[in-house]
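A structural walkthrough
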Amino acid sequence: METDGDTIKNTPTGFRCTLCNVSLPNQPSLDQHVKGRKHQTLSSVRATRKIQEEHSVFVSGIKPDVSQTEISEYFQQFGQVSEVILDKNKGVYAIVQFDETHSVKAALSCVEHQMKGLKLSVKPREKKDFKLIPKKKNIPDYQQFLDYLKPQLCQLMSVDEQMRYVVEQCQLGEHETEARGLLVQLLQEVFVEFFPDSQILPFGSSVNTFSIQSCDLDLFLDLENTKVFQAQAKSATETVGEGTSDDGRSEDSILSDIDLTAASPAEILDLVATILRRCVPGVHKVHVVSNARVPVVKFHHSELKLQGDITINNRLAVRNTHFLQLCSGVEDRLRPLVYTIRHWAKQKQLAGNPSGAGTLLNNYALTLLIIFFLQNCDPPVLLTVAQFKELACEEEECVIEGWDCTFPSQPVSVPLSKNTQDLCTLLAGFFSFYSQFDFASSVISVRDGRTLPITDFLGQNEEKKAMHETQPTTSPHHSPKLGPLNLLDPFELSHNVAGNLNVRSVLSFQRECQEAEKYCRSLQYKRKSAKGRSWGLVCLFTPSGETPCAKTEQLTISIPFKVESLPPSLQDQLRATGDGFRLLWFQKVCCAVEGVLQRVLRCHLTPSTDGVFSENSAMDAVKNVVFNVSVNDSCEMPEPQNDASPQRAALVGSKRSLSPSGDESTSPQGKKPRRAKRGKPKVPQWNCVQKHMVWAGRRKVRRELIKDTDSRPEGSCVELESQVTAHIVEKEMEIKEPLEFRVEPQMVGGTESSRAELKLVPTNDKTGVFHDFFHFLQTFLPKMVETMLAEERGEA
Ligand code: UTP
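To keep things clear, this report deals only with the structure shown in the data block. Being a predicted model, the structure only gives us computed values, none of them experimental.

1. Regarding the pairing of strand β22 (residues 739-748)
- Among the ten residues in β22, seven count as buried, and that is most of the element.
- Summarising the sheet, strand β21 (residues 685-690) and β22 pair through five bridges and their orientation is antiparallel. Within β22, the position partnered with N687 by the bridge is R742.
- Pairing of β22 with strand β23 (residues 755-764) involves nine bridges; the strand directions are antiparallel. Within β23, the residue paired with P745 across the bridge is L758.

2. What about the state of the cysteines?
- A full pass over the atoms with the stated rule returns zero disulfides.
- Here C154 stays unpaired: no disulfide links it, and the sulfur of C539, its closest cysteine neighbor, is 7.6 Å away.
- Judged by its relative accessible area of 12%, C154 is buried.

3. A word on the packing of helix α13 (residues 334-347) against helix α14 (residues 363-375)
- Remark: α13 packs on α14, axes separated minimally by 10 Å, with the N-to-C direction vectors making an angle of 130°. It follows from the interaxial angle that α13 and α14 lie oblique. By crossing handedness, the relation of α13 to α14 is classed as right-handed. Residues L334, L337, V338, I341, R342 and A345 of α13 lie in contact with α14, whose contacting residues are N363, L366, T367, I370, I371 and L374.
- Class assignment of the residues belonging to the contact of α13 with α14 gives a composition of nine nonpolar, two polar and one charged.

4. Focus on the pattern of salt bridges
- Summed over the entire model, instances satisfying the criterion amount to 15 salt bridges.
- The partner of K227 in a salt bridge is E224, and the shortest N-O contact between them spans 3.3 Å. With a gap of three residues between them, K227 and E224 both fall in helix α9 (residues 224-240), about one helical turn apart.
- K227 sits in the partly exposed class, given a relative accessible area of 24%.
- With a relative accessible area of 39%, E224 lands in the partly exposed category.
- Between E721 and R698 there is a salt bridge, with the nearest N and O atoms lying 2.8 Å from each other. Here E721 is found in helix α26 (residues 717-731), whereas its partner R698 is found in helix α25 (residues 698-707), with 23 residues between them in sequence.

5. As for the site of the ligand
- Near the ligand you find 17 residues, and of these S205, D216, N320, N363 and H495 are the closest.
- Within the contact set of the ligand, an oxygen atom lies 3.1 Å away from a backbone nitrogen or oxygen of Y364.
- When isolated, the ligand has an accessible area of 560 Å², and the protein chains bury 82% of it.
- Among the elements of the structure, α12 (315-330) and α14 are those that each provide at least two residues to the shell around the ligand.

6. Focus on a positive patch on the surface
- Side chains of R527, K531, R699, K700, R703, K707, K731 and K783 sit close together on the surface and give a patch of like positive charge.
- Ranked by residue count, the leading element in the positive patch is α25, at four residues.
- Classification of K783 as exposed rests on a relative accessible area of 57%.

Calculation notes
- Residue positions are counted from 1 within each chain, in the order its sequence is given.
- In keeping with the predicted nature of the model, local features appear solely for residues at pLDDT of at least 70, side-chain atom pairs appear and are counted solely at 80 or more, and the whole-chain, interface and lining totals rest on all residues.
- To obtain the side-chain values, all non-hydrogen atoms of the structure were included, while hydrogens and water were left out.
- Only protein chains enter the area calculation, which uses a 1.4 Å probe; residues under 20% of their type maximum are buried, those over 50% are exposed, and those in between are partly exposed.
- Runs of E in the DSSP output that reach at least two residues are strands. Runs of H or I that reach at least four are helices, and both are numbered from the N terminus.
- A pair of strands is considered paired only if DSSP assigns at least 2 bridges between the two.
- Any two cysteine sulfur atoms lying within 2.5 Å of each other are counted as a disulfide.
- In this analysis, axes come from line fits to C-alpha atoms, helices being fitted only over the stretch in contact, and the angle between any two N-to-C directions falls in the range 0 to 180 degrees.
- With respect to orientation, any angle under 35 degrees is reported as roughly parallel, any angle over 145 as roughly antiparallel, any angle of 65 to 115 as roughly perpendicular, and every other angle as oblique.
- Handedness of each helix crossing follows the sense of rotation of the near helix against the far helix: counterclockwise by less than a right angle gives left-handed, clockwise gives right-handed.
- By definition, residues are in contact when any of their heavy atoms lie within 4.5 Å.
- Residue classes follow a fixed rule: Ala, Val, Leu, Ile, Met, Phe, Trp, Tyr, Cys and Pro count as nonpolar, while Asp, Glu, Lys and Arg count as charged, and any other residue, Gly among them, counts as polar.
- Throughout this description, the term salt bridge denotes a Lys or Arg side-chain nitrogen within 4 Å of a carboxyl oxygen of Asp or Glu.
- If a single non-hydrogen atom of a residue is within 4 Å of a molecule or strand, that residue counts as near it.
- Polar contacts here mean pairs of N or O atoms no more than 3.5 Å apart (in protein, one a potential hydrogen donor and the other a potential acceptor; neighbouring residues in sequence count only if both atoms are side-chain atoms).
- To measure how exposed things are, a 1.4 Å probe is used in the Shrake-Rupley method; for residues, cover is taken only from the protein chains shown.
- For patches, a residue must show more than 30% relative accessible area and have no salt bridge; joins then use 9 Å for like charges and 5 Å for nonpolar side chains, namely Val, Leu, Ile, Met, Phe, Trp and Tyr.
- Charged residues are defined here as Lys and Arg on the positive side and Asp and Glu on the negative side; His and the ends of the chain fall outside this count.
- To locate a charge, take NZ of a lysine, CZ of an arginine, CG of an aspartate or CD of a glutamate.

Functional significance is not addressed by these values, which are geometric in nature.
See the structure below:
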């Protein structure tokens with residue numbers, strides 16, 4: 001059972017309760033707090049959660065048609081099942097809770113789980129720290145949602161599964177969709193009272209198949225029929241002289257006050273706003289934004305907790321929404337891609353302008369960028385808009401405001417793509433596509449599925465204007481507003497949907513694509529971490545400004561000081577150096593690291609001379625020690641440029657004790673050793689070049705070497721590992737562009753937790769293999785260093 005001690009931390013200004021997220025200035029207030037209701041409740045919730053965690057397993061690989069009862073029945077064979085929790089949209093995972101913990105063990109030890117022909121994956125529950133998540137009234141906390149999502153994503157088996165899971169978790173639920181439908185119906189009933197024959201049509205995210213929970217509700221109030229009605233009523237009034245139209249409906253009230261054909265959009269929207277305020281229950285915060293590209297009435301619905309927008313000149317938006325629906329219907333990989341890329345873009349602050357205005361991509365533009373990429377895959381995943389048009393029949397022809405918006409109404413009319421790439425590959429492809437894209441000189445045409453030279457658009461406006469003046473039958477449409485990113489609407493070809501972006505936002509977009517592309521080349525992206533680390537999409541969802549997991553979490557390799565695994569002779573040496581034992585141990589570690597990189601892994605090493613032990617490091621305890629060391633066999637140091645350099649002295653001191661009176665020592669070459677300079681020792685650093693992927697397929701080669709008694713190497717595991725590398729180097733081609741990186745060791749921690757930390761910095765990683773190599777080193781290096789130190793026989 002966890003105690004208050006786990007959650008109460010000392011701080012410079014008092015205490016902090018990490019469970020309740022509060023700071024307390026002194027002991028009495030802390031005592032008061034822990035006795036309080038909030039702390040007591042949370043402590044007991046935490047205890048319950050812990051018990052639940054210990055009593056349950058995480059099951060994935062189920063299908064939506066599998067019921068709770070079926071899962072429960074299956075798991076009864078391991079013990080009494082107390083609860084089965086299926087994920088929200090039933091289908092991806094379940095938590096199965098047992099009465100007893102030994103049932104958990106039994107379920108986990110079963111090698112294969114088969115249920116209804118499904119192969120289930122059964123894992124232990126992840127141990128999560130229980131924390132209070134503060135509630136924010138009415139504001140869906142996106143970050144909170146992602147934090148909740150990330151551990152679940154880590155448990156899935158592939159990036160494809162992760163992407164589909166993102167869709168399931170984010171899309172509007174059944175109830176929310178239904179509630180929105182009811183609101184639309186209510187609005188329709190109200191508006192038709194005031195605007196006979198009008199129609200209210202939803203468009204945008206709530207219906208374009210890319211909805212997310214709490215996305216806004218975009219509505220188009222179509223008044224075309226009302227205008228006709230009003231014109232007819234007007235002429236009837238003129239002839240009959242009464243306020244009744246020929247179909248008998250009254251046209252007094254609002255309609256009699258305004259001529260819809262002559263009124264400005266702002267005037268009509270004012271009227272819409274008045275109707276909303278007065279006649280629609282639950283609607284609040286109604287206001288008109290008349291200076292937007294498409295003027296709009298904004299409102300908020302309190303019960304449904306949603307933001308709504310009503311426009312009156314937006315027939316094209318309804319049509320392009322149908323187009324997006326068609327694309328999703330034709331290609332089922334589109335939705336997971338759009339959801340994933342939208343999350344990525346939001347986290348990197350590339351898309352989703354707050355309140356509509358701003359210099360970031362809007363979601364519609366981002367979706368079109370994804371469609372354009374899919375049109376340009378080889379073979380294409382999606383057809384161009386022009387190709388879609390060819391598949392439409394006569395009844396499906398559609399022209400809005402002079403723009404050709406023809407495409408088939410049903411996905412069945414569209415042939416399936418020959419492209420079979422999985423989602424993981426397509427996502428990486430998206431980043432790669434735009435990381436090299438020449439935004440500056442091209443105009444993206446989703447209609448044609450290709451880029452058009454920007455020069456084709458320069459000066460067009462003048463020409464068009466002149467032409468239209470002389471020949472009024474020519475198109476009155478102007479040219480798109482050009483900017484740093486030019487993305488033409490698929491139908492309204494004079495509209496650059498990314499016209500709001502500035503140079504900075506385009507550069508950020510491209511830079512983030514490059515970062516993501518690099519990450520997607522690593523194993524961390526493609527392969528589930530066996531150690532429960534962040535992998536796949538999780539690292540792509542790291543907010544901008546925070547370094548992605550690959551960079552922060554794992555670029556340092558830690559080698560702990562473990563006295564018990566050192567040979568007795570070395571333990572004696574350490575003891576003899578008194579306070580200086582940590583430095584001596586660190587030097588031995590550095591020497592071993594160098595040996596592993598150079599001898600075992602065949603890295604080419606060049607010492608660099610940048611680092612100096614810091615004033616605060618554990619080394620200060622021994623800063624007056626005079627180094628008297630010599631080159632020895634086990635280190636196999638590259639020939640130094642200056643043997644006496646302090647850096648080298650610190651590096652090679654592995655086999656001789658650090659004695660101030662080392663004048664008698666001799667090097668293996670029999671030369672009289674030089675006395676190292678007094679003063680602050682330098683930390684060794686190496687510039688490394690790795691030409692082969694010595695980490696790939698090691699296990700297999702090792703297994704074969706061990707099996708094959710003839711070629712089985714004699715001696716230690718260091719020898720074996722060196723041979724494994726030798727086999728790989730012999731058989732495998734060199735990496736196209738060798739990987740270059742720097743290793744910067746440092747000694748950290750006090751007596752209790754002394755450890756050597758190796759910071760690895762890629763300096764040339766054109767082929768994107770650094771992260772894979774790093775992950776390999778993370779376990780390999782500490783193990784090998786430990787072996788090397790243990791094998792040291794203390795010849796000093
Ligand atoms: P959004 O960019 O808001 O996209 O445009 P969205 O899919 O609704 O995403 P949310 O609402 O941010 O979650 C809404 C709709 O407005 C039309 C499109 O129909 C789009 O689906 N639109 C938007 C245009 O027609 N042109 C534009 O330049 C922008």
